[in-house]
Amino acid sequence: MRLSLIIILYCLCLPLSAQKKITVEDIYQGTFQEKSVDEIRWMKDGRFYTALEGNRIVKYDVTNGAEVDVLVNGNSTEPTLSIDDYNFSSDEQQMLIMTDRESIYRRSFVANYYIYDLSSQQLKQVSSSEEQSYATFSPDGS
């Protein structure tokens, strides 16, 4: 009885002694950070999603994760864009592309916005006079 009690206690304590000590570096270097999918935009049909990778907006197939198309390559547009963020119009025929984002205070910012027409591949600046805040498409896509 006594021997079995010692063996049980030993087996319970064994996993505790095998655990790694947590360091300050582990906490601040992201060792315990959750793994997730960030910054993707689901397409309306549910079969595709897009993601900003480097300076390209890439379209992926949900079923196999394969790259289907590069919708916008900021390095190949005229003028060249440094893409910070993007949104689709309600019909997904146009994209609102944010560039040159400048923080003002906490969550406030100004940026330059461009509209990219996916069918004609034409790029048009929303305003050439000054930067804008919180630009978005209206519900009718204009």
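Residues numbered from 1 in each chain as written. Predicted model: local features only at pLDDT ≥ 70, side-chain atom pairs only at ≥ 80, totals over all residues. Heavy atoms only, no water.

## Some details on the sheet that holds strand S2 (residues 48-53)
Stated precisely, the cut-off is as follows: Strand pairing follows a simple DSSP-based rule, namely that at least 2 bridges must link the two strands. The numbering of helices and of strands both runs from the N terminus, where a helix is a DSSP run of H or I of at least 4 residues and a strand a run of E of at least 2. Axis lines are fitted to C-alpha atoms, over the contacting stretch for helices. Their N-to-C directions set the angle, which ranges from 0 to 180 degrees.
Strand order in the open sheet formed by four strands is S1-S2-S3-S4, with antiparallel pairing between adjacent strands. Strands with a single pairing partner mark the edges of an open sheet, and in this sheet they are strand S1 (40-42) and strand S4 (67-73). On average, adjacent strands in this sheet sit at an angle of 25° to one another, irrespective of strand direction.

## Quick look at the layout of surface pockets
Note the following rule: Here a cavity denotes a set of grid points, spaced 1 Å apart and computed over the protein atoms alone, in which a 1.4 Å probe fits but from which it cannot get out, and a pocket denotes an open set meeting protein on both sides within 12 Å along at least five of seven lines; residues with an atom within 4 Å of a point are reported as lining. Grid points are joined across faces, edges and corners, and a volume is the space filled by probe spheres set on the points. In this count, Pro and Cys sit with the nonpolar residues alongside Ala, Val, Leu, Ile, Met, Phe, Trp and Tyr, while Asp, Glu, Lys and Arg are called charged and the others, Gly among them, polar.
Of the pockets and cavities examined, the largest pocket occupies roughly 210 Å³. The biggest single contributor to the lining of the largest pocket is S4, with five residues. Counted by class, the lining of the largest pocket contains six nonpolar, four polar and two charged residues.

## A few points about the pattern of salt bridges
Selection rule: For this analysis, a salt bridge means a side-chain nitrogen from Lys or Arg found within 4 Å of a carboxyl oxygen belonging to Asp or Glu. Only protein chains enter the area calculation, which uses a 1.4 Å probe; residues under 20% of their type maximum are buried, those over 50% are exposed, and those in between are partly exposed.
Per the stated rule, a full pass over the model turns up three salt bridges. One salt bridge connects Arg-41 with Asp-85, and the closest N-O pair in it is separated by 2.4 Å. With Arg-41 in strand S1 and Asp-85 in strand S5 (residues 83-88), the pair connects residues that are 44 residues apart, well separated along the chain. The class for Arg-41 is buried, based on a relative accessible area of 17%. One salt bridge in this structure joins Arg-56 and Glu-67, with 3.7 Å as the shortest N-O distance. Here Glu-67 lies in strand S4 and Arg-56 lies in strand S3 (residues 56-61), a separation of 11 residues in the sequence.

## Here we look at the side chain of Asp-61
Our working definition: Polar contact criterion, stated in full: a pair of N or O atoms within 3.5 Å, where within protein one must be able to donate a hydrogen and the other to accept it, and residues adjacent in sequence count only if both atoms are side-chain atoms. Two residues form a contact once any of their heavy atoms are found within 4.5 Å.
By the secondary structure assignment, Asp-61 is in strand S3. Only 2.7 Å separates the side chain of Asp-61 from the side chain of Thr-63, close enough to count as a polar contact. Asp-61 has contacts with Arg-47, Phe-48, Tyr-49, Ala-66 and Val-68, leaving out every residue within four places of it along the chain.

## A look at the packing of aromatic side chains
Aromatic ring pairs are described here by two measures, namely the spacing of the ring centres and the angle between the planes. Going by this rule: Between 30 and 60 degrees the pair is tilted, below 30 it is stacked and above 60 it is edge-to-face, where a pair is any two Phe, Tyr or Trp rings, Trp via its six-membered ring, whose centres lie within 6.5 Å. We call a charge positioned over a ring when the NZ of a Lys or the CZ of an Arg lies within 6 Å of the ring centre and within 35 degrees of the ring normal.
Under the defined criterion, the tally for this structure stands at three aromatic pairs. Geometrically, the ring pair formed by Tyr-86 and Phe-88 is edge-to-face, given 6.0 Å between the ring centres and 85° between the ring planes. The same class applies to Tyr-86 and to Phe-88, which are both buried. Put simply, the rings of Trp-42, Tyr-49 and Tyr-60 pair up and form one aromatic cluster. When the ring centre of Tyr-86 is taken as reference, the NZ or CZ atom of Arg-41 above it lies at 4.6 Å.

## Topic: the pairing of S2
Bridge count between S1 and S2: three bridges; the pairing is antiparallel. Its bridge partner being in S2, Trp-42 is matched across the sheet by Tyr-49. In textbook terms, the turn of a hairpin is the stretch between consecutive antiparallel strands, and for S1 and S2 this stretch comprises five residues, one of which, Gly-46, has a positive phi near 75°. Inspection of the sheet shows S2 paired to S3 by six bridges, in the antiparallel sense. Considered in S3, the bridge of Glu-53 is made with Arg-56.

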